[in-house]
Amino acid sequence: MLEDTSFAIHPGKETNGSAVVYQDIGNVMDFYKEGTAYLFTCSNGKVTIQFYTPSIVRITMNSKEWPNLNLSKSVIVTPQAVTIGETNTKELLVLKTAELVLKIRKSPFRVAIEDQNGRILVSEDKQGMAYRENGEVIAFKKMDKEDHFYGFGEKSGHLDKRGEKLEMWNTDVYAPHNPETNALYESIPYFMTLRDGKAHGIFFDNTFKTYFDMKSSEEYYSFSAEGGQLDYYVMAGPHPKHVLEQYTYLTGRMPLPPKWSLGYHQSRYSYETEAEVRELANNFIERDIPVDVIHLDIHYMNGYRVFTFDKERFPNPEKLIADLKEMGIRVVPIVDPGVKKDSEYPIYQEGVLEDNFCKYIEGDIYYGEVWPGNSAFPDFTEERVRKWWGEKHAFYTSIGIEGIWNDMNEPAVFNETKTMDLEVMHRNDGNPTTHRELHNVYGLLMGKATYEGMKENLHGKRPFLLTRAGYAGVQRYGSVWTGDNRSFWEHLQMSLPMVMNLGLSGVPFTGPDVGGFAHDTNAELLTRWTQVGAFTPFFRNHSAIGFRYQEPWQFGEKYESIMKKYIQMRYKWMPQLYSLFYQASKNGLPVMRPLLMEYPEDAKTYNLNDQFMLGDNVIMAPILNPSVTDRAVYLPKGEWIEYTTGVSYEGENVHLVHAELEDLPIFVRKGTALLQGEWNSNQDKQTKTLTMKVYASDSEENYSFTFYDDDGETFAYENGEYIKLDIDIQSLKGKININIVTIEGNYNPAYNEINVEVVGTERTVSVNGKNSHTIKL
Ligand code: MIG
């Protein structure tokens with residue numbers, strides 16, 4: 001029965017005019033505090049409010065019973081002991097921490113959240129929190145004229161999602177990846193709102209199909225789910241960087257990846273034989289094109305059975321892997337979740353006998369058609385099954401494999417719905433529930449099983465995981481590529497906001513298939529894309545069966561030499577990149593960022609899609625169109641130097657820059673510094689000469705940054721085997737003062753000093769007060 005507080009809204013043409021009826025949560029009848037939670041009994045449901053830190057609050061609504069606060073697959077922390085001030089009047093309950101003020105109106109129940117300065121972060125629209133008889137839950141929030149929305153994980157379209165309606169449902173989308181294709185492989189129901197230079201975040205931790213609607217109204221936006229609880233966290237910011245630190249405090253940060261995984265990856269669906277892989281590797285060596293990883297797509301397996309090699313195509317994988325490793329190249333094989341139904345296949349036998357596959361409630365195994373034919377799917381929602389799957393990876397690690405590529409883990413199934421039957425009942429560690437509820441976390445949990453299993457099997461070496469599907473928190477296990485794009489200029493363009501929004505969603509290690517997956521690429525597109533790829537966090541060239549091969553040498557010497565230059569540049573920039581990855585592992589900040597992250601006060605950055613930053617001081621302005629050699633570049637506040645030409649540019653200005661096919665415009669902010677290594681050879685990728693380029697400023701500037709390094713492949717850094725320098729740089733008239741604020745760790749790198757090189761006008765340089773151009777380590 002719906003009470004009189006129910007209301008109807010007309011979300012627009014989509015419903016053909018028929019109203020959708022929601023039940024409002026109603027009035028607060030009673031509330032009390034228990035432990036860290038405030039519990040409210042309302043006329044039409046129950047609500048809890050918990051503070052996780054002074055700047056993070058969680059609100060959970062359940063229409064029937066007390067909210068279950070232990071369902072999260074993403075949140076890895078519990079509430080801290082936060083000091084809360086409390087003022088209770090007849091109309092209002094005010095809860096105050098050092099960072100947040102919650103004004104809870106009682107009739108009807110509505111929450112307005114402000115920061116300690118009275119800045120409103122979120123306030124509920126007149127409709128508040130509500131639900132429908134079909135189980136849908138929804139929150140309506142007021143939308144400000146100045147609100148801009150970012151994050152939302154992996155989405156097509158532009159950076160700012162105002163005016164969009166987004167759906168979260170992990171989906172294998174071979175085509176088309178159009179601007180309106182918004183359910184893709186990853187679902188990260190999280191976003192950041194930027195309003196007048198200040199930011200806050202909302203994480204809607206609901207694993208059902210969810211929607212975010214910033215389109216239907218100019219007065220309010222909403223987020224909703226097909227079922228479950230309305231369960232969301234508000235993060236106070238106020239800087240976009242704070243929001244990301246707060247969000248990744250909740251959902252975790254990426255562990256330091258192995259350094260080799262930051263190199264260039266070459267892939268193809270598929271390199272089909274050992275001979276082909278050897279020839280490919282030789283090509284890289286002979287041409288002196290850097291490569292760290294060759295991926296093996298599904299053809300390496302025996303009839304697409306995971307944890308097998310095809311004996312004819314790959315007669316001696318162990319030898320292949322050892323030989324490639326000598327050449328400085330690692331092999332990463334693909335592993336899909338589908339296990340072929342074949343009673344003579346050990347993985348299938350074990351899976352059935354040990355009861356590890358997803359089943360219907362009645363007990364029948366769910367079978368779906370995927371590459372191996374009819375297949376069963378491990379129930380990754382169960383710890384026991386994750387362990388089993390993880391242990392199976394000894395098959396790979398025992399022959400020298402250190403990285404795994406998880407595909408098809410939405411899970412994708414070749415049928416009408418593209419996925420598993422929604423009625424399948426997952427075990428879910430003792431809390432059984434349907435695939436409808438857990439669909440969006442299947443990939444995350446496969447990633448967890450794989451990463452943890454690989455880590456265990458590698459005995460101290462860092463595993464690398466590449467995963468297609470995921471949910472909030474996926475950064476704890478792997479890197480993400482953006483799936484089956486196509487060799488279109490439009491897809492090169494779209495990859496920038498896509499990767500930037502993934503970065504704003506806590507996932508720093510991402511990138512698209514460079515050159516485009518489906519469709520035939522062409523020389524110019526591949527060259528421009530490789531220039532961009534050299535600076536995206538994940539850098540892999542991958543292409544589909546039946547389309548043109550797109551290794552860097554496929555289009556002749558002219559293009560090869562340009563691509564080679566940029567792939568080598570990737571390695572020259574490795575010390576800089578690795579230091580940024582270190583930061584990401586510490587505070588969750590993305591390696592590749594939109595400009596708005598560094599310049600939130602500057603409205604010109606709010607929907608700047610065709611430029612990006614690497615860290616806090618470098619702007620890339622690639623050419624993203626065919627036959628084009630000029631483009632406009634917006635440079636924010638400060639003075640900038642173009643990396644290759646050394647030309648200076650004024651900030652807060654749009655400049656027209658020229659870039660021939662061999663040029664990628666890169667701008668470094670004056671007053672800052674860049675760490676540069678060198679390219680030696682595939683067999684020897686270690687930096688031996690480390691240079692710090694200081695971009696001298698003419699006005700007084702201070703810049704602080706951290707340089708980090710370690711062995712790049714083990715967990716020895718956890719025991720102090722690293723080197724970390726906090727460096728301050730002061731640009732003064734005619735002078736650069738470098739101060740090593742702290743130096744930490746006992747790792748001995750191959751270089752024993754950092755050479756300081758000043759870019760710009762002549763300066764005297766001092767290190768810790770003494771005239772010198774070297775930092776001794
Ligand atoms: O149904 O393994 O996105 O990268 O090459 C296609 C074959 C399955 C989809 C992946 C793609 C991979 C391909 N896979």
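None of the values given here were measured: they were computed from a predicted structure. (Residues numbered from 1 in each chain as written. Predicted model: local features only at pLDDT ≥ 70, side-chain atom pairs only at ≥ 80, totals over all residues. Heavy atoms only, no water.)

S.K.: Could you clarify how one ought to interpret the overall build of the chain in this entry?
M.R.: Counting its regular elements, the chain contains 12 helices and 52 strands. Whereas a compact globule of 777 residues would reach a radius of gyration of roughly 28 Å, the chain reaches 27 Å, a difference of no more than 12%. Looking at the 777 residues of the chain, the share that counts as buried comes to 63%. Counting only contacts in the chain whose residues sit at least 6 apart along the sequence, the fraction spanning at least 24 positions is 68%. (Helix = DSSP H or I, 4+ residues; strand = E, 2+ residues; numbered from the N terminus. Rg over C-alpha atoms; globule rule 2.2 N^0.38 Å. Buried < 20%, exposed > 50% of the residue type's maximum accessible area, 1.4 Å probe, protein only. Contact = heavy atoms within 4.5 Å.)

S.K.: I would appreciate a short explanation of the pattern of salt bridges in the present structure.
M.R.: Pairing is possible between side chains of opposite charge, provided their charged atoms come close. Taken as a whole, this structure holds 45 salt bridges when the rule is applied. The salt bridge partner of Arg119 is Asp115, with a shortest N-O separation of 2.9 Å. Under the relative-accessibility criterion, Arg119 is labelled buried at 19%. Overall, the relative accessible area of 7% leaves Asp115 in the buried class. Measuring nitrogen to oxygen at the nearest pair gives 3.2 Å for the salt bridge that ties Asp698 to Arg763. Note that Asp698 is positioned in the loop between β45 (690-695) and β46 (701-710) and Arg763 in the loop between β49 (753-759) and β50 (764-767), a separation of 65 residues in sequence. (Salt bridge = Lys/Arg side-chain N within 4 Å of Asp/Glu carboxyl O.)

S.K.: Got a minute to help me understand the packing of aromatic side chains in this structure?
M.R.: Between two aromatic rings, the relevant description is the distance of the centres plus the angle of the planes. The final tally for this structure, using the stated rule, is 58 aromatic pairs. Both rings, one in Phe357 and one in Trp388, keep their centres 6.2 Å apart while their planes meet at 85°; by these two values the pair is edge-to-face. With Phe357 in the loop between α4 (346-353) and β25 (367-370) and Trp388 in helix α5 (residues 383-392), this residue pair connects regions lying 31 residues apart in the sequence. According to the relative accessible area criterion, Trp388 is buried, its value standing at 6%. Its end group placed over the ring of Tyr22, Arg132 keeps NZ or CZ at 5.9 Å from the ring centre. The ring of Trp169 has Lys209 lying over it, and the distance from NZ or CZ to the ring centre is 5.1 Å. (Phe/Tyr/Trp six-rings, centres within 6.5 Å; stacked < 30°, edge-to-face > 60°. Lys NZ or Arg CZ within 6 Å of the ring centre and 35° of its normal.)

S.K.: Honestly, helix α9 (residues 489-504) in this entry has me stumped. Any pointers?
M.R.: In an α-helix, one turn spans 3.6 residues; hence positions three or four apart end up facing the same way. The terminal C-alpha atoms of α9 lie 24 Å apart, and with 16 residues this matches the ideal 22 Å at 1.5 Å per residue to within 8%. Of all 16 residues in α9, 14 are buried, a share of seventy percent or more. Gly506 occupies a position one or two residues after α9 and carries a positive phi of about 90°. (Expected span 1.5 Å × (residues − 1).)

S.K.: Sorry, what's going on with the site of the ligand here?
M.R.: Surrounding the ligand, one finds 13 residues, the nearest of these being Asp297, Asp407, Arg468, Asp484 and His542. Between the ligand and Trp371 there is a distance of 3.2 Å, counted from an oxygen atom to a side-chain nitrogen or oxygen. For the ligand, an oxygen atom lies 2.9 Å from a polar atom in the side chain of Arg468. Protein contact buries 95% of the 350 Å² of open area that the ligand shows by itself. Of the residues in the shell around the ligand, the class split is 8 nonpolar, 1 polar and 4 charged. (Near = heavy atom within 4 Å. Polar contact = N/O pair within 3.5 Å; in protein donor to acceptor, adjacent residues only side chain to side chain. Areas by Shrake-Rupley, 256 points an atom, 1.4 Å probe, with all protein chains shown as cover. Nonpolar A, V, L, I, M, F, W, Y, C, P; charged D, E, K, R; others polar.)

S.K.: Which parts of the structure should I look at to understand the side chain of Lys340?
M.R.: Its place among the elements puts Lys340 in strand β24 (residues 339-340). No salt bridge is formed by the buried Lys340; its nearest oppositely charged neighbour, Asp342, is found at 6.3 Å. At 2.5 Å, the side chain of Lys340 forms a polar contact with the backbone oxygen of Pro372. If sequence neighbours within four positions are ignored, Lys340 has contacts with Gly303, Arg305, Tyr345, Tyr348, Pro372, Asn374 and Ser375. (Lys, Arg positive; Asp, Glu negative; His and termini not counted.)

S.K.: Explanation requested: the domain arrangement of the chain in the structure shown.
M.R.: Size of an interface, as often reported, equals the accessible area lost when the parts are brought together. Segmentation of the chain into domains returns domain 1 (6-143 + 203-251), domain 2 (265-338 + 383-414 + 437-572), domain 3 (593-668) and domain 4 (673-776). Between the C-alpha centres of domain 1 and domain 4 there is a distance of 46 Å. (Domains from an automatic or database assignment.)

S.K.: Looking at this structure, I do not really get empty space enclosed by the protein. What am I missing?
M.R.: Leftover empty space is mapped by rolling, across the atoms, a probe with the size of a water molecule. For the coordinates displayed, the defined rule picks out 4 cavities of 30 Å³ or more. Looking at the largest cavity, its volume works out to about 100 Å³. Together, 14 residues line the largest cavity, and Pro255, Pro257, Tyr451, Pro463 and Tyr477 are the ones closest to its centre. When the residues that make up the lining of the largest cavity are grouped by side-chain class, the tally is 11 nonpolar, 3 polar and no charged. Estimated volume of the second largest cavity: approximately 40 Å³. Every residue along the wall of the second largest cavity is listed here: His177, Thr482, Asn485, His491, Met494, Ser495, Met498 and Pro512. Of the residues contributing to the lining of the second largest cavity, the split by class is 3 nonpolar, 5 polar and no charged. (1 Å grid on protein atoms, 1.4 Å probe; cavity = no way out; pocket = protein on both sides within 12 Å on 5 of 7 lines; lining within 4 Å. Points joined across faces, edges and corners; volume = space filled by probe spheres on them.)

S.K.: Sorry if this is basic, but what is going on with unusual backbone geometry here?
M.R.: Across residues other than glycine, the phi torsion is negative in most instances, and most of the peptide bonds are trans. Cis geometry marks the peptide bond from Ala175 to Pro176, where omega comes out at 10°. Within the element layout of this structure, Pro176 appears in the loop between β14 (165-168) and β15 (186-187). Positive phi values are uncommon outside glycine, yet Asp355 reaches one of about 60°. Within the fold, Asp355 resides in the loop between α4 and β25. Residue classification places Asp355 among the partly exposed residues on the basis of a relative accessible area of 31%. With phi around 45°, Asp429 is a residue other than glycine that occupies positive phi space. Inspection of the secondary structure puts Asp429 in the loop between β28 (425-426) and β29 (433-434).

S.K.: Help me understand the sheet that holds strand β4 (residues 37-42) in this model?
M.R.: In any sheet, the strands associate via hydrogen bonds between backbone groups, in a parallel or an antiparallel arrangement. Taken together, 8 strands build an open sheet; the order of strands is β3-β4-β5-β6-β20-β17-β16-β13 and the sheet is antiparallel. One side of each edge strand has no neighbouring strand; the edge strands of this open sheet are β3 (28-34) and β13 (148-151). Mean inter-strand twist for the sheet, computed between neighbouring axes without regard to direction, equals 20°. Relative to strand β20 (residues 230-235), strand β6 (residues 56-62) runs antiparallel, the two sharing 6 bridges. (Pairing = 2+ DSSP bridges. Axes fitted to C-alpha atoms, helices over the stretch in contact; angles between N-to-C directions.)

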